[in-house]
Amino acid sequence: MWVIRQWIIVGLVMVLAGCGGSSGTMMDDGMGGTGSDTSAHGDQGASASGVGDDNYLSGDEYADPTAAGGALGNRVIYFAFDKADVDEASRALLAEHARYLADNPGREVRLEGHTDERGSREYNIGLGERRAQAVRQILMLDGVSAAQISTVSYGEERPAALGSDEEAWSLNRRVELVYNP
Amino acid sequence: MPREISKLMIVIKKCLSGLAAFCLLAGMANAELRIEITGGVAQAVPIAVVPFGWSGEGELPFDVARTIRADLEHSGRFKALAPNEMLERPTSGLDIDFDDWRILGIEVVIVGQLLHTGPDRYTIQFQLFDVFRGKQLLGYRQPASTRQLRGATHLVADMIYEELTGIRGIFSTRIAYITTSGKPPNTHFRLIVADADGANARILVESNEPLMSPAWSPDGRKLAYVSFEKKHSEIYVQTLKSGARKRVSSRPGVNGAPAWSPDGRKLAVTLSKADGNLDIYILDLRSQVLTRLTRRNSIDTEAAWSRDGRTIYFTSDRAGQPQIYQVPVSGGKVRRVSFEGTYNARPRLSPDGKQLAVVHNDRGNYRIGLIGLEQGFMQVLTKGALDESPSFAPNGETLIYATREGGQGVLATVTVDGRIHQRISSVEGEVREPAWSPFRRR
């Protein structure tokens, strides 16, 4: 009985460890340059139609620029201590993302705001939210529609780097742009 | 299917529904906490808790004397004599030779017996003596079932503590806290409730997404907390006994910092709603009516209620950096409360309503400070660099808080006079965000 119970609890822990929390997998949207044209022919009888001979332009490869390694692979904006100001270099990066989003109104981005570990936790939720909102404002000014943007703040709860030194802290004061597949 | 396994399957089924498991699993050894006194026992009163007599058959079901001894020592006010140094081992006052204790410098001696009075019935019988005068101060017989033996022993320790100090003991109280294990991005979060001495740890919720801000209801029966299990913050209220829980706020944006009104009917909550600006609201739990309290473009969060339920203390950075403010619950003028230092946040009111514990930046170090509400003076109590999340014991004597040591998150306590310090560490993983329960209803 005890052995079975232990086994079940181990199983439970494994299931819990496995679910949630993982980032989505990036899918290649690539629908090459070749469209396909289908005409439906009914089952009743045959119908004859002329077959044209169009010349198709050659397309080129399309890869999702927001996928890892893509043109928009840089998806983290960093901040100074206690600040929500976005610096020049970050603005330039955001302009790239904004252009992509404006051109692809079907794509959505989630802005996840974070802080370093210093100070109280719920206040840091506020600071992370302030940073996410700052990035959101910039994207909208650059032509992204509000419907494409959502924000969430994790405060200090989801650090990218562990450690209690300036190096870790500077890596944690950030907004991450998360594109859903 | 055997009954035990089918019961367990029901628990597991409940746990597997949803990304977070909210259930009462049996006490887990690897979340138990370890308490050590780290400072200030110079004036501890020398006492002796003599191993109790056992009248029943078979092994002693619970070492009552050892737990009483540990409780009294953990308070930092008493230094207990080790049993192997005792010259005699009386189990009743009639057998005590007070000279045997005066010789050792012992000022107070506690003797007793654990009596087996029926199937699943015990009585803890004890007497407390003043050694100098050879006089009994207290005698009591506390009944308990087998399951209640540990809790009843803590009640006895509370009685002894109150007799000796005049202050109600906290040995029967509980603490809630959050643990993390694993490394990002695979961190695992748990909300745990344990006895005040760290024993009997039980998981309330666990999740692969953050859990925050546990808050005890005034009757000690429920905990409110923040969970990110749905990939954004939401506030839940969970009943301890049943494990059943209710989601009380899942509005767009931030849902955070739940705080119970003294009558248990309302929660002060922090919401950002659509505009992304954090403000404090009062949520009536029954009617679901939401009343907005703050409107500024600043971060307003971390509400704490006054004892009469008419004032809320909170953190706001409306003046640039976080400071403590207060506002009437009925709406009205916001007044600043903290004036020392560049950063004061996360207010918690003392049980007597006279002081606020805060996170205070003291020359670059985040420490726990006490603001006296009458005079406005700040007293810095701790010495760490990243101290946070202070919570008062319900007798107002001690604060528990989170800190870091050796790169690990641990808990610590300090008495409000700053004299006695304890460190409380987990055997495994990191600990944070402690919340001390109210007293058990008498």
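Please read these numbers as outputs of a predicted model, since none were measured by experiment.

As for the overall build of chain A
Regarding its fold elements, chain A presents 4 helices and 4 strands. Counting helices and strands in the order they occur from the N terminus, chain A gives α-β-α-β-α-β-α-β. Counting across all 181 residues of chain A, residues that qualify as buried make up 30%. The long-range share in chain A, meaning contacts at least 24 apart out of those at least 6 apart in sequence, stands at 75%.

Some thoughts on the overall build of chain B
Counting its regular elements, chain B contains 4 helices and 32 strands. What you see for chain B is a C-alpha radius of gyration of 23 Å, in line with the 22 Å of a compact globule of 442 residues. C-alpha atoms of chain B, sized along the principal axes, occupy 75 × 65 × 40 Å. Taken over 442 residues, chain B has a buried fraction of 47%.

Here's the deal with the domain arrangement of chain B
All names here are of chain B. In terms of domains, chain B is made up of domain 1 (36-165) and domain 2 (338-442). Its C-alpha centre places domain 1 at a distance of 31 Å from the equivalent point of domain 2. Here the element with the most residues in the side of domain 1 that touches domain 2 is strand 2 (residues 33-39); it accounts for 4 residues. In the side of domain 1 that touches domain 2, the residues fall into 1 nonpolar, 5 polar and 1 charged.

Things to note about the sheet that holds strand 24 (residues 344-349) of chain B
Residue and element names in this part refer to chain B. Strand order across the open sheet formed by 4 strands is 24-25-26-27, with antiparallel pairing between neighbours. Edge positions in the sheet fall to strand 24 and strand 27 (378-380), since each has one partner strand and no second. Neighbour-to-neighbour, the strand axes of this sheet turn through a mean angle of 30°, independent of strand direction. Where strand 24 lies against strand 25 (residues 355-362), 4 bridges are found, and the strand directions are antiparallel. Residue pairing for strand 25: L349 is matched across the bridge by L356.

Reading the values: the criteria
Residues numbered from 1 in each chain as written. Chains lettered and ligands numbered in written order. Predicted model: local features only at pLDDT ≥ 70, side-chain atom pairs only at ≥ 80, totals over all residues. Helix = DSSP H or I, 4+ residues; strand = E, 2+ residues; numbered from the N terminus. Buried ≥ 20, exposed ≤ 12 C-beta atoms within 10 Å, placed from the backbone. Contact = placed C-beta atoms within 7 Å. Rg over C-alpha atoms; globule rule 2.2 N^0.38 Å. Domains from an automatic or database assignment. Nonpolar A, V, L, I, M, F, W, Y, C, P; charged D, E, K, R; others polar. Pairing = 2+ DSSP bridges. Axes fitted to C-alpha atoms, helices over the stretch in contact; angles between N-to-C directions.

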